[in-house]
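Remarks on the overall topology
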Amino acid sequence: MEKPTIHPYIPILIGVISVAMSAIFVKMTTADAGVTAFYRMLFSILLMSPVFLYSYLPEIKKLNRRDWAFSAIAGIFLAFHFILWFESLNYTSVASSTVLVTLQPLFAFAGTYFFFKERLSVKTLISGAVAITGSVVIAYGDFQVSGSALFGDILALVACALITAYLLFGQDVRKRLSLITYTFIVYGFSTITLFFYIIAKGEPFAPYPKEEWMWFLLLALIPNLFGHTLFNWAVKWVSTNVISIAILFEPVGAAILAYFILGELVSESQIIGGSIVIAGLLFFVTDYKRIRKIFFRKSA
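Presented here is a report on the structure given in the accompanying data block. (Residues numbered from 1 in each chain as written. Predicted model: local features only at pLDDT ≥ 70, side-chain atom pairs only at ≥ 80, totals over all residues. Heavy atoms only, no water.)

1. A short note on the overall build of the chain
For the chain, the helix and strand inventory stands at 13 helices and zero strands. When the elements of the chain are put in sequence order from the N terminus, they spell out α-α-α-α-α-α-α-α-α-α-α-α-α. Looking at the chain as a whole, 47% of its 300 residues qualify as buried. In the chain, once contacts between residues fewer than 6 apart in sequence are set aside, the share between residues at least 24 apart is 88%. A total accessible area of about 15700 Å² is found for the chain, and carbon and sulfur atoms account for 70% of it. (Helix = DSSP H or I, 4+ residues; strand = E, 2+ residues; numbered from the N terminus. Buried < 20%, exposed > 50% of the residue type's maximum accessible area, 1.4 Å probe, protein only. Contact = heavy atoms within 4.5 Å. Areas by Shrake-Rupley, 256 points an atom, 1.4 Å probe, with all protein chains shown as cover.)

2. Regarding the packing of aromatic side chains
With the rule as written, the count across this model stands at 22 aromatic pairs. Ring centres of Phe38 and Tyr39 lie 5.0 Å apart, and the angle between their planes is 70°; this geometry places the pair in the edge-to-face category. Residue Phe38 shares its accessibility class with Tyr39, and that shared class is buried. A ring pair is formed by Phe82 and Phe86, whose centres lie 5.5 Å apart and whose planes are at 40°; its orientation type is tilted. Of the two residues, Phe82 and Phe86 both sit in helix H3 (residues 65-88), four residues apart, roughly one turn of that helix. Looking at Phe82, the relative accessible area reads 7%, which means it is buried. Ring-pair connections join several aromatic residues into one group, and the members of that group are Phe38, Tyr39, Phe43, Phe195, Phe196, Phe205, Tyr208, Trp213 and Phe216. Arg66 extends its terminal NZ or CZ atom over the ring of Phe70, reaching a point 4.4 Å from the ring centre. (Phe/Tyr/Trp six-rings, centres within 6.5 Å; stacked < 30°, edge-to-face > 60°. Lys NZ or Arg CZ within 6 Å of the ring centre and 35° of its normal.)

3. Structural notes on a nonpolar patch on the surface
A cluster of nonpolar side chains, Met28, Phe249, Val252, Ile256, Tyr259, Phe260, Ile261 and Leu265, forms an exposed patch at the surface whose accessible area comes to about 790 Å². Sort the elements by how many residues they give to the nonpolar patch and helix H11 (residues 250-262) lands first, with five residues. Secondary-structure assignment places Leu265 in the loop between H11 and helix H12 (268-285). The exposure class of Leu265 is exposed, given its relative accessible area of 65%. (Patch = residues over 30% accessible without salt bridge, like charges linked within 9 Å, V, L, I, M, F, W, Y side chains within 5 Å. Salt bridge = Lys/Arg side-chain N within 4 Å of Asp/Glu carboxyl O.)

4. With respect to the packing of helix H1 (residues 9-28) against H11
Between H1 and H11, whose axes approach to 8 Å, the crossing angle comes to 45°. Of the possible angle classes, the one that applies to H1 and H11 is oblique. Taken as a pair, H1 and H11 cross one another with a handedness that is right-handed. The segment H1 lies against H11, with Val16, Ile17, Val19, Ala20, Met21, Ile24, Lys27 and Met28 engaging Glu250, Gly253, Ala254, Leu257, Ala258, Ile261 and Leu262. (Axes fitted to C-alpha atoms, helices over the stretch in contact; angles between N-to-C directions. Parallel < 35°, antiparallel > 145°, perpendicular 65-115°, else oblique. Left-handed = near helix turned anticlockwise from the far one by under 90°.)

5. So, empty space enclosed by the protein
Counted under the stated rule, the structure contains one cavity of 30 Å³ or more. In this structure, the largest cavity occupies an estimated 40 Å³ of space. Along its surface, the largest cavity is lined by Ser93, Ala95, Ala255, Ala258, Glu264, Leu265, Val266 and Gln270. (1 Å grid on protein atoms, 1.4 Å probe; cavity = no way out; pocket = protein on both sides within 12 Å on 5 of 7 lines; lining within 4 Å. Points joined across faces, edges and corners; volume = space filled by probe spheres on them.)

6. What to know about the environment of Val51
Mapped onto the elements, Val51 comes out in helix H2 (residues 33-56). Spatially, the C-alpha atom of Val51 lies 9.7 Å from that of Thr181, the residues being 130 residues apart in sequence.

7. Thoughts on the side chain of Ser190
Within the secondary structure, Ser190 is located in helix H8 (residues 179-201). Overall, the relative accessible area of 0% leaves Ser190 in the buried class. Ignoring sequence-local partners within four residues, the contact set of Ser190 consists of Met41, Gly75, Leu78 and Ala79.

This is the structure we're talking about:
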């Protein structure tokens, strides 16, 4: 395999910082959660359109009716994930919200257990128990602060469940399509869903000040396209486990950025609970068999 021009860990680090900026940009907006989510997805679609239309449009023919249905359902789940997660940031802190949203790997295993009857390993159960303990610590600490903070935590957890549903419905379709085509289609359905959601809620599409439009565009450009594109580039050179572990540190980056940009302080319960959650998820995504193989091979 050809060598990368730069070390893969550098783009991964930039990618983590990019996705961590998502919560910061949302906090900077004054628009309703649905409107913010709508423009994030709409601008993502517009930015992707030239590449998709020029190079990937013929792939549309590969989709059958079931694929279209599953893509639509995935887009709807993604839309409501953004609505609830953005809404959670109106009630709870960046640190709490982003930590709870990163519980997605455990929700994914719960989903595959209930819907696909996949067996749960002892490792999965242990990591799940640890991560849930951490989330309880965060929720308890936030409840001590205010009931609204706990409500924000609940919204973040539901948003996490919805992003898992989005991934579960999309995984089969994704096997037959390139990343660009699949993302474009699902983002399209998500944008349409958010459009009708805004109309139903009676929220204004405009006018907004120039700064607001800048946050909408940055949400599409940096976390959506720039951050995840870097992860997709890096996966050619490193294990997906490395990417999974790196993404777990998004809440750490988000909390640090929130401290310096928004002046948000991190409470003791958030530090302890967040550390427990990340420890549980690290245990979950780390491939210890592979580590032992590398270690003993080098030792020999």
